[in-house]
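Descriptive analysis of the structure
Below are the chains, spelled out letter by letter.
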Amino acid sequence: MRRSEPVAWDQEFGAWHVFGYPEVTAVLADPGTFSSDLSGLLPPQKDLELFAKGSFVGMDPPRHLKLRRLVSKAFTPRIVAELEPRITQVTRELLDAVRGRSAFDLVADLAYPLPVIVIAELLGVPAADRDRFRGWADGLLGDNRPERLLPDQDHMNAVGATVRDMNDYLLDHIRARRAVPTADLTSTLIAAEVDGERLDDEEIVGFVGLLLIAGHITTTLLLGNTVLTLDADQDATAALRADPTGLPTALEEVLRVRTPFPRLVRLTTADTTVGGRDVPAGQVLNLWLASANRDERQFAEADRFDPTRTPNQHLSFGHGIHFCIGAPLARLEARLATRTLLEDCPEFAVGPDVGLHDARIMTGARSLPVAV
Ligand code: HEM
């Protein structure tokens, strides 16, 4: 499909699919023509509207950049590198908790708790509430979506209940920090100014909620995907055990071949062309990152996992102004967790009962039994 028709019209869903690497990249590089603001397409949902006020992933310039700037400083590779000791400590504690067992669930015991503890600590919310956060992530991003590309009213009602619980929880947290600021990111956002104005509580809810949800569920997928990939390629595993300096390159390749978030959505603001096809204004485009990441025009032997592949300009963190702000953190967490896992477990083997997410929504495991 990607080869014969890199940009295709889908009659059934009344939307476009963009499969090719250059085509997906071109769309992501032009936020003026291809908007991230999908609010007009979704059935109304007041709790979600409140959440959307500060959630800059669904915003276009110039507001997007103003809000993004408020947190971008907290996620530079240099600042994130300071988290290394804490990430290593949490990883060790999680692996110590399963020591002596012959098998454990990599997702429940490591890949989920690690990133959620790290992002919760950054935001100043109690990591002990992580089961509740997981419920929100499942409700917002999970496999309970209908067989449609965009959610319908029933689904939005269900999402509304999730978002209401999240909004209430985060509003309490924000009010507590307004009263007594600490050194966490929530307090930084409360004190921050955009064009001389402070963010209101509702904007901060969207901001903190976005970081909390985006900040863990995708990294969970990456960690699970790494173990699945290494389990299937014992040569690569042996090479990385012998020389862990190859890990960052290998992890980029895991991100490419198992794209955690396979699809992004954009909306055309004007008549335009994509890959030579005329696309009118007001149309939905599904940008298949997972397909673009295997485009032979960009990657030689694109279907092959090559842990030494360089350069590797995969699109798993997006491209352009919305490029994942948490990429340095996700990369660091994945590197430290995988290194520790390889050190602590001289052998591991993935069991037969792996639970996978719906691959149209998320690529990765929801449960991953590992024998050690
Ligand atoms: C944006 C993927 C980890 C926070 C994005 C986008 C992708 C992505 C594809 C672009 C969305 C778009 O263009 O519409 C991933 C993957 C991760 C990961 C695959 C892990 C392997 C994280 C982490 C954080 C985070 C750890 C938080 C600290 C964000 C935020 C945005 C974003 C806030 C919105 C940026 C913007 O709109 O300017 N991510 N992400 N992500 N990500 Fe990540």
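The paragraphs below set out a description of the structure included in this document. Every value quoted in this text rests on a predicted model; they were computed, and no experiment measured them.

Our focus in this paragraph is the overall build of the protein. Within the protein one finds 16 helices and 14 strands. When its C-alpha atoms are laid out on the principal axes, the protein stretches across 60 × 55 × 40 Å. For the protein, the residues scored as buried account for 53% of the 372 residues in total. Here the analysis covers contacts within the protein between residues at least 6 apart in sequence; of these, 71% occur between residues at least 24 apart.

So, about helix 13 (residues 234–242). Taken as a whole, helix 13 has its buried residues at Ala236, Thr237 and Leu240. Down the axis of helix 13, the buried side of the element spans an arc of 100°, and every buried residue falls inside it. Of the exposed residues in helix 13, the ones pointing more than 90 degrees away from its buried face are Asp235 and Ala242. The inward-facing, buried residues of helix 13 abut helix 12 (217–232), helix 14 (247–257) and helix 16 (327–344).

What follows is about the site of the ligand. Taken together, 26 residues are adjacent to the ligand, and His64, Arg68, Arg266, His322 and Cys324 come closest. Within the side chain of Arg68, a nitrogen or oxygen atom sits 2.7 Å from an oxygen atom of the ligand. Note that a nitrogen atom of the ligand is positioned 3.4 Å from one of the backbone N or O atoms of Ala214. For the shell around the ligand, the elements supplying multiple residues, two or more each, are helix 3 (63–72), helix 11 (201–214), helix 12, strand 7 (263–268) and helix 16. Split by residue class, the shell around the ligand holds 16 nonpolar, eight polar and two charged.

One donor from the polypeptide reaches the iron atom of the ligand: Cys324 (SG), at 2.3 Å. Tracing the backbone shows Cys324 in the loop between helix 15 (289–292) and helix 16.

So, on to the pairing of strand 1 (residues 7–10). Two strands pair when backbone bridges link them, and strand 1 and strand 2 (residues 15–18) are joined in this way by four bridges, in the antiparallel orientation. Of the residues in strand 2, the one forming a bridge with Ala8 is His17.

All right, on to the environment of Phe51 then. Here Phe51 lies in helix 2 (residues 46–52). Residue classification places Phe51 among the buried residues on the basis of a relative accessible area of 10%. C-alpha separation for the pair Phe51 and Glu202, spaced 151 residues apart in sequence, amounts to 7.0 Å. Every residue in contact with Phe51, bar those within four places of it in the chain, is listed here: Val163, Met166, Asn167, Val205, Gly206, Gly209 and Leu210.

Applying the stated rule across the entire model yields 25 salt bridges. Of the charged contacts in the structure, one is a salt bridge between Asp344 and Arg99, with a shortest N-O distance of 3.2 Å. Here the residue Asp344 occupies a position in helix 16, and Arg99 occupies one in the loop between helix 5 (84–98) and strand 4 (103–105), the gap between them amounting to 245 residues. Given the relative accessible area of 22%, Asp344 is considered partly exposed. The residue Arg198 makes a salt bridge to Glu193 at a minimum N-O spacing of 3.7 Å. Residue classification places Glu193 among the partly exposed residues on the basis of a relative accessible area of 48%. Taken together, the shared-partner salt bridges connect Arg92, Asp96, Arg99, Arg339, Glu343 and Asp344 into one network.

What links the strands of a sheet is backbone hydrogen bonding, and the strands pair in either a parallel or an antiparallel sense. With mixed pairing, the five strands of this open sheet are ordered in space as 1-2-10-7-3. Of all the strands in the sheet, just strand 1 and strand 3 (34–35) have a single pairing partner and so form its edges. Pairing between strand 3 and strand 7: two bridges, direction antiparallel. Counted as the bridge partner of Ser35 is Leu267 from strand 7.

Reading the values: rules and limits
- Residues numbered from 1 in each chain as written.
- Predicted model: local features only at pLDDT ≥ 70, side-chain atom pairs only at ≥ 80, totals over all residues.
- Heavy atoms only, no water.
- Helix = DSSP H or I, 4+ residues; strand = E, 2+ residues; numbered from the N terminus.
- Buried < 20%, exposed > 50% of the residue type's maximum accessible area, 1.4 Å probe, protein only.
- Contact = heavy atoms within 4.5 Å.
- Arc of directions from axis to C-beta.
- Near = heavy atom within 4 Å.
- Polar contact = N/O pair within 3.5 Å; in protein donor to acceptor, adjacent residues only side chain to side chain.
- Nonpolar A, V, L, I, M, F, W, Y, C, P; charged D, E, K, R; others polar.
- Donors = N, O, S within 2.8 Å, 3.2 Å for Na, K, Ca; no water.
- Pairing = 2+ DSSP bridges.
- Salt bridge = Lys/Arg side-chain N within 4 Å of Asp/Glu carboxyl O.

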